[in-house]
Amino acid sequence: MLTRHIRTTIPRFIPVRLTKACYSEQHQQSDRRDESETTHFGYETVKESEKWKKVHKVFEQVASSYDLMNDAMSFGIHRVWKDIFMERLAPIGGGNRLLDMAGGTGDIAFRYLKYLNNQPPEDNQATNHVTVSDINQNMLNVGQERYKRLNIKPTNCTVDWVCANAEELPFEDNSYTAYTIAFGIRNVTHIDKVLSEAYRVLKPGGRFMCLEFSHVSNDYLRWVYDQYSFQVIPPMGQILTSQWQPYQYLVESIRKFPKQEEFKGMIQNAGFKCVQYEDLTFGVCAIHSGFKL
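Residues numbered from 1 in each chain as written. Predicted model: local features only at pLDDT ≥ 70, side-chain atom pairs only at ≥ 80, totals over all residues. Heavy atoms only, no water.

In the nomenclature of an unreviewed UniProt entry, the protein chain corresponds to 2-methoxy-6-polyprenyl-1,4-benzoquinol methylase, mitochondrial from the organism Aedes aegypti. Of the protein chain, the UniProt comment under Subcellular location (unreviewed entry) reads exactly: "Mitochondrion inner membrane". The Function (unreviewed entry) comment attached to the protein chain in UniProt states, word for word, "Methyltransferase required for the conversion of 2-polyprenyl-6-methoxy-1,4-benzoquinol (DDMQH2) to 2-polyprenyl-3-methyl-6-methoxy-1,4-benzoquinol (DMQH2)." (UniProt positions renumbered as here; feature names shortened; annotations may be inferred.)

Draft legend 1. Layout of the packing of aromatic side chains. A complete count under the given rule lists 12 aromatic pairs for this structure. Put simply, the rings of Y179, Y199, F208 and F272 pair up and form one aromatic cluster. Over the ring of Y176 we find R97; its NZ or CZ atom is 4.8 Å from the centre of that ring. Its end group placed over the ring of Y199, K292 keeps NZ or CZ at 4.9 Å from the ring centre. (Phe/Tyr/Trp six-rings, centres within 6.5 Å; stacked < 30°, edge-to-face > 60°. Lys NZ or Arg CZ within 6 Å of the ring centre and 35° of its normal.)

Draft legend 2. Representation of the sheet that holds strand 6 (residues 176–182). Taken in spatial order, the 7 strands line up as 5-4-3-6-7-9-8 in an open sheet, and their pairing is mixed. Two strands bound the open sheet, and with one partner strand each, they are strand 5 (157–163) and strand 8 (273–280). When strand polarity is set aside, the average angle formed by the axes of neighbouring strands in this sheet is 15°. Judged from the 7 bridges that link them, strand 7 (residues 202–213) and strand 9 (residues 285–291) form a sheet pairing that is antiparallel. Bridging across to strand 9, F208 finds its partner in G290. Set on the sheet, helix 7 (residues 191–201) makes contact with strand 3 (97–101), strand 6 and strand 7; between it and strand 7 the angle comes to about 145°. (Pairing = 2+ DSSP bridges. Helix = DSSP H or I, 4+ residues; strand = E, 2+ residues; numbered from the N terminus. Axes fitted to C-alpha atoms, helices over the stretch in contact; angles between N-to-C directions. Contact = heavy atoms within 4.5 Å.)

Draft legend 3. Expanded view of the side chain of H129. With respect to the element layout, H129 can be found in strand 4 (residues 128–134). At 3.2 Å, the side chain of H129 forms a polar contact with the side chain of D160. (Polar contact = N/O pair within 3.5 Å; in protein donor to acceptor, adjacent residues only side chain to side chain.)

Draft legend 4. Spotlight on the nonpolar core. Ranked by size, the top nonpolar core spans 42 residues in total, and within it M73, W81, Y112, L113, V130, L211 and F213 carry the most contacts. Ranked by residue count, the leading element in this core is helix 5 (residues 107–117), at 6 residues. Look past the residues within four positions of Y112 in its chain and what remains in contact with it is M86, P91, N96, R97, L98, N128, H129, V130 and C157. With 25 residues, the next largest nonpolar core counts L99, I185, F263 and I267 among its residues. (Core = buried A, V, L, I, M, F, W, Y, C linked by side-chain atoms within 4.5 Å. Buried < 20%, exposed > 50% of the residue type's maximum accessible area, 1.4 Å probe, protein only.)

Draft legend 5. Expanded view of helix 6 (residues 137–150). For helix 6, with 14 residues, the first-to-last C-alpha span of 20 Å sits near the 20 Å given by 1.5 Å per residue. By the N-cap criterion, in which a side-chain oxygen at the helix start approaches the backbone nitrogen of a residue two or three places on, helix 6 is capped by N136, the distance to N138 being 2.9 Å. Positive phi appears at N151, one or two residues downstream of helix 6, with a value of about 55°. (Expected span 1.5 Å × (residues − 1).)

Draft legend 6. Summary view of the confidence of the model for the protein chain. When pLDDT is averaged along the protein chain, the result is 83; 79% of the residues meet or exceed 70. When the criterion is pLDDT under 50, residues 1–21 qualifies, and its contacts beyond four places in sequence or with other chains add up to 52 contacts. Of the regions scoring below 50 in pLDDT, residues 23–34 engages in 21 contacts with residues more than four places distant in sequence or in other chains. (pLDDT = per-residue confidence, 0-100.)

Draft legend 7. How the structure looks around the UniProt feature "binding site: S-adenosyl-L-methionine" (unreviewed entry) in the protein chain. If you check UniProt for "binding site: S-adenosyl-L-methionine" (unreviewed entry), the listed places come out as T105, D134, N165 and A166 in our numbering. Within the secondary structure layout, N165 lies in the loop between strand 5 and strand 6. From its side chain, N165 meets the backbone nitrogen of E167 in a polar contact 3.0 Å long. Note on placement: A166 falls in the loop between strand 5 and strand 6. Contact partners of A166, with chain neighbours within four places excluded, come to M101, Y179, K193, V194 and E197.

This is the structure we're talking about:
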């Protein structure tokens, strides 16, 4: 597995030529292992060995317009969801170590840094750290550019950017106090492997938190949401970014993701305790959390 770390509070950029190496070699063995197994890519049935390639291509296509489409599709509500997500995490004191997985554009990491910056100096003396990790180097490049443009100045916190596969993390056991993944876990091939790796890298007492699109339980609201998802979002993607297929995949992948109770059970099966979830906007998305005890 090839990774490249950038450990600094001022971002440097990973050359684009490393992008392919970042994800291709670490999948070679799993490709051979999964050649006969199938999974879903939206509503399409594909070989497990092909899904990560298709997902990777989707995010290569949308990386530069990712923030624009998030705002357009959700009318800006995704920002509120992410703010609530960080409030539920509520990192306090010093010595926190966060791994934000599938966090390439930095939305969660930047909120984490701002949250720490707003703490009283006496409560934030020990050095904190955040690792922003994503399998897609294009997404990480966007995040690093935003980090520089926003001129975020972390108070007593180091930052690194790591291109890595959530199913095979390059980090040591028991090395993080929190693991977050926002709108990323539905895109992986093996959710159980991601959860297992999250459990492994967390310290005892560490917290797993996931923000993901979920399922609306009210029949009428679900019908309205489905009409908007399938009739509006892909055409919107075509108009704003000249991309239809990535947003068709988006709305299909949401419907294929496990329902709230099923996903809760998967998190428990990975070993997490005190697992619970909170629906946001009638279940359009949900926050799931658990602890490694």
